Amino acid sequence: METMTTQQKITYCLWFNKEAEEAVNFYTSVFPNARMTHIVYNPIDTPSGKTGTALTASFNLEGQEFMVLNGGPEFTLNPSISFMVHCDTAGEVEDLWNNLSDGGTALMPLDKYPFSDRYGWIQDKYGVSWQLILPQQKAPQKVMPSMLFVNEVYGKAEEAIQYYTSIFHNTKVGTIARYPGGMEPDKEGTIMYADFMLEGQWFAAMDSAHNHKFHFNEAISLMVHCDTQEEIDYYWDKLTKEGKEVQCGWLCDKYGVAWQVTPTIMLKLLQGEDKEKAKRAMQAMMTMVKLDIAKLENA
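So, a few notes on the structure that sits alongside this text. (Residues numbered from 1 in each chain as written. Predicted model: local features only at pLDDT ≥ 70, side-chain atom pairs only at ≥ 80, totals over all residues. Heavy atoms only, no water.)

Our focus in this paragraph is the environment of Asn217. With respect to the helices, strands and loops of the structure, Asn217 is situated in the loop between strand S12 (201-207) and strand S13 (220-226). Its relative accessible area of 16% is what places Asn217 among the buried residues. Separated by 141 residues in sequence, Asn217 and Thr76 have C-alpha atoms that sit 8.1 Å apart. With residues up to four places along the chain from it excluded, the contact list for Asn217 reads Phe75, Thr76, Asn78, Ser80, Gly256 and Ala258. A distance of 3.1 Å separates a polar side-chain atom of Asn217 from the backbone oxygen of Thr76. (Helix = DSSP H or I, 4+ residues; strand = E, 2+ residues; numbered from the N terminus. Buried < 20%, exposed > 50% of the residue type's maximum accessible area, 1.4 Å probe, protein only. Contact = heavy atoms within 4.5 Å. Polar contact = N/O pair within 3.5 Å; in protein donor to acceptor, adjacent residues only side chain to side chain.)

Overall, the coordinates contain eight salt bridges when judged by the stated rule. The residue Arg118 makes a salt bridge to Glu94 at a minimum N-O spacing of 2.9 Å. Of the two residues, Arg118 is situated in strand S7 (residues 116-123) and Glu94 in helix H2 (residues 90-100); the sequence distance between them amounts to 24 residues. For Glu94, a relative accessible area of 30% translates into the label partly exposed. (Salt bridge = Lys/Arg side-chain N within 4 Å of Asp/Glu carboxyl O.)

This next bit is on the nonpolar core. Counting residues in each nonpolar core, the largest one holds 90 residues, and the members touching the most others are Phe16, Tyr27, Phe31, Trp130 and Tyr164. Formed by 14 residues, the second largest nonpolar core is a distinct cluster that contains Tyr113, Trp121, Ala204 and Met206. (Core = buried A, V, L, I, M, F, W, Y, C linked by side-chain atoms within 4.5 Å.)

Here we take up the sheet that holds strand S2 (residues 34-41). The strand order S2-S3-S4-S1-S13-S16-S15-S14 describes an open sheet built from eight strands, whose pairing is mixed. Whereas interior strands pair on both sides, the edge strands pair on one side only; in this sheet they are S2 and strand S14 (244-245). As paired elements, strand S15 (residues 250-252) and strand S16 (residues 258-263) share three bridges and run antiparallel to each other. Among the inter-strand pairings, Cys252 is bridged to a residue of S16, identified as Ala258. Running at roughly 170 degrees to S16, helix H4 (residues 229-240) makes contact with S13, S14, S15 and S16 of the sheet. (Pairing = 2+ DSSP bridges. Axes fitted to C-alpha atoms, helices over the stretch in contact; angles between N-to-C directions.)

See the structure below:
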């Protein structure tokens, strides 16, 4: 198994209770172009498990880096952030639907829709939501995280896109499709679908005025890899504005979307052969809110 050395600026992090390793094995069996890239084991006892149990695992899916975390029962996965999979054939949509349906729940049935001849929205047995679509035109990225702005942040998808593209580099706004009149409860002009690029990676955003029983939470977070303390300080200051600091490099922005601002050396510190050093680095991280590279290295 390779050591993770990501060139992807933003990694998608999924929070599980204790099923992280099992979930990675499931996803790498369901998706043809997926592979596990690494596992980090707990160097100390944490809320997610005893020393030696799996802390995080990572997998690459169609060139996109995912991390899964055993964090305990505190947060529950929901469809506020889902993953759109742009398929090449109707058969690919159906194969993925059948595999992900095992123990899962259909959120929108697999069917023909005005925007796609074959589309379905499925929440798998672990709680991760997938939108499987045969696109009408070639998508810029095979797998794309999609944010759903509902309840108290309904109608703010476009504002959020402008906010994120003002913070990150190598950005672009792509497709914007707005709700027409007569589609109540959705207001005319709000975002039916939009996609945008941050750091060369594509994301989607949608507004929905329907009565959803969920909102953004820490169960899915976006991990920003930083090479320097200056970078950590920059993203931390920008993303916590009107949001909230959490701990261990975690924060929630003003829309409720969870982010982790983390040094690229963190995995190296936790994966190193010196188990005592890894233990000290983990203990130091657990005491921090915003992460401090010098203190982590000195630990």
